[in-house]
Amino acid sequence: MPRLSMSEIQSDTLRPRGVDVIDYNRSTVTPGIVHLGIGAFHRAHMAAYVDSLLAKNPSWGIIGASLRRPDTRDALEPQDFLYTLAIRDASGTKPRIIGAILDVLDANTQRAQLIETMADPAIRIVSLTVTEKGYCHDPSTGELDEKHPDIVHDLAHPEMPISAPGIIVAALALRQRRGLAPFTVMSCDNLPSNGKTAGRIVRRFAELRGLGESFAGYVQGVSFPSTMIDRIVPATTDADRAIVAELTGLEDAWPIMTEPFTQWVIEDDFPTGRPPFESVGAELVEDVEPFELMKLRMLNGSHSTMAYLGYLSGYQYVNEAIADADIRRLIHGLMTEEAMPTLPMPRATLEAYRDQLLARFANPALKHRTWQIAMDGTQKLPQRLLGTIRDRLEAAQPFPRLALGVAAWMRYITGIDEADQPIEVKDPLAARLRQIADGAGRDPVKLANGLLAVTEVFGTDLPEVAVFRDTVTNHLKSLLENGAKEAVRRVG
């Protein structure tokens, strides 16, 4: 079977198969964006939006960068950095070829080239999808973690940065030396006020670099617009690759599977210019925060809660978990009774979003693994669940379902499921969590106390609130003694 490539596209073999093919002359496209973290989420979302506008705006192509592993570059380079975006629902799978990514650089072996590319005057936007942990910050405070190993490395070796903040500051310093305007830094990660968070982290790192008042003033002039991105993107499997090959007649080393729904809300703050994102369906607004808070607390909070409870209940996929009537009732209640009252949006908007989410979770064609969502819990819980809990506490309102989500994370990180089988816990603090869990055994009080002492997750405030500690501990006791399904039934 031939490999996906420009020559295969130009042979016009795809359209008769019902495949959406790029409608622009790719040879005329030039880069205007560098994207750090060229993973599945970016390729399912931002790259697809950019691809839709290149016919009329060809100066906004994307140069991607992998900060950790060269997997994406190695997969896409032999196919001219093209890939298939497969949009799936109960009616079937609709393939679309995306050509917006012109090149992918491996930061480990092409670091100097990456920084030089970011310093090119044609690059006006540097965007990021590096996940919560890629910001090298303390999730409980939103501040730069100055003791993070990558930050310590980058301050000691400023010409060889490995972190996203270090790479951005190195490129900005080079642009300043060349008398160029700074690029705009656009975060596309699931962080509260992600633009403000990125700006705070980058400016603090620049301050620690000690490059003088002139550079400090230059960095102060960098724009960090916030965004809210919403699309569910499961990890690609070999079965997915086989389906795409059957639909297109071409081998694609790394197609991306996603759902029909897509949303992008962007703070309109781009001093050096931007593509007309609004022409391809994005919403340009003055304030993104209400939208991102809605997504973090309703979609992401529900996702994490379902991931831990669903995995412990024996459900491999989200659609299986939400098909459980008790879990569905719990998630509906979490959104309606606990999350929605904390959100500054019209009730009708929130109810419509809730119903839309429940339908999206149930999509049988979207095989989103609970294990995948459960990864990196120490980075996710502060934004997805604990912020809502803090607001509920301040309002003296109960939070039983949110607390069960937290307790389910505690049960999950013990590393042993309800059938006494090992759980592969993927988390930046996995070794520390393992030590706490091993020391506590199946004692819910010891386990809860040990994990609540992880200030990077819970801060110093929540562990001192008796109602929070007691509620979570009681749920953890129920999970350990009765199992996840029964714990859900009792709360839901």
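If you're wondering where the values come from, they're calculated on a predicted model, not measured in any experiment.

Draft legend 1. Region of interest: the pattern of salt bridges. Applying the stated criterion to the full structure yields 27 salt bridges. Here Arg69 ties to Asp71 by a salt bridge, and the two come within 3.5 Å at their closest N and O atoms. Accessibility expressed as a relative area gives 56% for Arg69, which makes it exposed. The partner of Glu486 in a salt bridge is Arg490, with the nearest N and O atoms 2.9 Å apart.

Draft legend 2. Looking closely at the packing of helix α17 (residues 400-412) against helix α22 (residues 484-491). Direction vectors running N to C along α17 and α22 enclose 165 degrees, while the axes themselves pass 10 Å from each other. With respect to α22, the axis of α17 lies roughly antiparallel. α17 and α22 meet at a crossing whose hand is right-handed. Together, Pro400, Arg401 and Leu404 of α17 and Ala487, Val488 and Val491 of α22 make up the contact between the two elements.

Draft legend 3. The sheet that holds strand β2 (residues 61-66), seen in detail. The strand order across the open sheet built from five strands is β5-β2-β1-β6-β9, with neighbouring strands paired in parallel fashion. Lying at the two open borders of the sheet, with one neighbouring strand each, are β5 (101-106) and β9 (184-187). Each strand axis lies, on average, 25 degrees off the axis of its neighbour in the sheet, ignoring direction. Pairing of strand β6 (residues 125-128) with β9 involves four bridges; the strand directions are parallel. In the sheet register, Ser127 faces β9, and the bridge partner there is Met186. Packing against the sheet, helix α3 (residues 46-53) makes contact with β1 (31-36), β2, β5, β6 and β9, and its axis sits at approximately 170 degrees to β1. Across the sheet, helix α5 (residues 111-118) is in contact with β1, β2, β5 and β6; its angle to β1 comes to roughly 135 degrees.

Draft legend 4. Main features of the environment of Met160. The residue Met160 is located in the loop between α6 (149-156) and α7 (164-177) in this model. Here Met160 falls in the partly exposed class, since its relative accessible area comes to 44%. Between the alpha carbons of Met160 and Ala107 there is a distance of 9.8 Å; along the sequence they are 53 residues apart. With residues up to four places along the chain from it excluded, the contact list for Met160 reads Arg111, His153 and Asp154.

Basis of the calculations
Residues numbered from 1 in each chain as written. Predicted model: local features only at pLDDT ≥ 70, side-chain atom pairs only at ≥ 80, totals over all residues. Heavy atoms only, no water. Salt bridge = Lys/Arg side-chain N within 4 Å of Asp/Glu carboxyl O. Buried < 20%, exposed > 50% of the residue type's maximum accessible area, 1.4 Å probe, protein only. Axes fitted to C-alpha atoms, helices over the stretch in contact; angles between N-to-C directions. Helix = DSSP H or I, 4+ residues; strand = E, 2+ residues; numbered from the N terminus. Parallel < 35°, antiparallel > 145°, perpendicular 65-115°, else oblique. Left-handed = near helix turned anticlockwise from the far one by under 90°. Contact = heavy atoms within 4.5 Å. Pairing = 2+ DSSP bridges.

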